[in-house]
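Summary of structural features
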Amino acid sequence: GIDFEAKIIGTGQIYKDMKYLHTQFELKSVQMDGLLIDEKSLAQEIRAHDIILGIFGDSTKARSVVPNKVYQALACKKAVVTLDSEPISEFFDENDLITCQRDALILSEKLINLINNPILLENTATNGYEKFLKIYDKTKVDFEEFIHKIDKKIGK
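Cut-offs and rules
Residues numbered from 1 in each chain as written. Predicted model: local features only at pLDDT ≥ 70, side-chain atom pairs only at ≥ 80, totals over all residues. Heavy atoms only, no water. Axes fitted to C-alpha atoms, helices over the stretch in contact; angles between N-to-C directions. Helix = DSSP H or I, 4+ residues; strand = E, 2+ residues; numbered from the N terminus. Parallel < 35°, antiparallel > 145°, perpendicular 65-115°, else oblique. Contact = heavy atoms within 4.5 Å. Pairing = 2+ DSSP bridges. Salt bridge = Lys/Arg side-chain N within 4 Å of Asp/Glu carboxyl O. Buried < 20%, exposed > 50% of the residue type's maximum accessible area, 1.4 Å probe, protein only. Expected span 1.5 Å × (residues − 1). Right-handed = clockwise from strand over helix to strand, strands pointing away.

Before going further, it helps to examine the packing of helix 5 (residues 104-116) against helix 6 (residues 118-153). Helix 6 packs onto helix 5 with a crossing angle of 100° between their chain directions and a minimal axis gap of 5 Å. Between helix 5 and helix 6, the crossing angle belongs to the class labelled roughly perpendicular. Facing N113, L114 and N116 of helix 5, the residues of helix 6 in contact are P118, L120, L121 and T124.

Looking now at the sheet that holds strand 3 (residues 51-53). Spatial ordering of the open sheet is given by 3-4-5, a layout of 3 strands whose pairing is parallel. Bordering the open sheet on either side are strand 3 and strand 5 (98-100), each of which pairs with just one other strand. Taken pair by pair, the neighbouring strands of this sheet meet at an average axis angle of 20°, ignoring direction. Pairing between strand 4 (residues 79-83) and strand 5: 3 bridges, direction parallel.

Here we take up the pattern of salt bridges. Under the definition given, this model contains 4 salt bridges. Salt-bridge contacts for E45 lead to K7; the nearest nitrogen and oxygen are separated by 2.8 Å. Of the two residues, E45 is situated in helix 2 (residues 39-47) and K7 in strand 1 (residues 6-8); the sequence distance between them amounts to 38 residues. Judged by relative accessible area, K7 falls into the partly exposed class, the value being 29%. One salt bridge connects D142 with K138, and the closest N-O pair in it is separated by 2.7 Å. Here D142 and its partner K138 are both found in helix 6, 4 residues apart, which amounts to about one turn of the helix.

Here helix 6 contains 36 residues, and its C-alpha end-to-end distance of 52 Å stays within 8% of the 52 Å for a straight helix at 1.5 Å per residue. Those residues of helix 6 hidden inside the fold are in contact with strand 3, helix 3 (68-75), strand 4, helix 4 (86-91), strand 5 and helix 5. The first or second residue beyond helix 6 is G155, which carries a positive phi of 80°.

Along strand 4, 5 of the 5 residues are buried, which leaves the element largely enclosed by surrounding structure. In terms of strand pairing, strand 3 meets strand 4 through 3 bridges, oriented parallel. Residue pairing in the sheet places L53 in a bridge with V81 of strand 4. A crossover connection joins strand 3 to the parallel strand 4 through helix 3; in handedness this β-α-β unit is right-handed. In this fold, strand 4 hands off to helix 4, which returns the chain to strand 5; that crossover is right-handed.

Pasting the structure below:
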């Protein structure tokens, strides 16, 4: 009973299973063509949508990184829903993005809540964007300080 449109981009690790379910349930509101796109097109796709899914993998890597797609979505001021993990909670809190465990029912509840609550959607996107800028600015300053220290050591 939720009016939505979704687009799955690329072919992740479970693409075949997702495609099977897409076909089986005749999901007309979900576009899924398996095409890989360049970064410029990806940025356009992110900007064209309200909610961006992060990662929900079960690997050690999935639980040990903040994926680039999360940063890309936040940089475009979009609400992000992603796997709850230690690295995510190290940089972000519940005001910046929406997290959940690898559970389809919980994920669907989080998405429905965002779809039905435009103020939460907008606040999450805005807070996430502001946190992204804060992280970016700190990283830029730290990197510049690092380069300055290196220059001093080599006598520049």
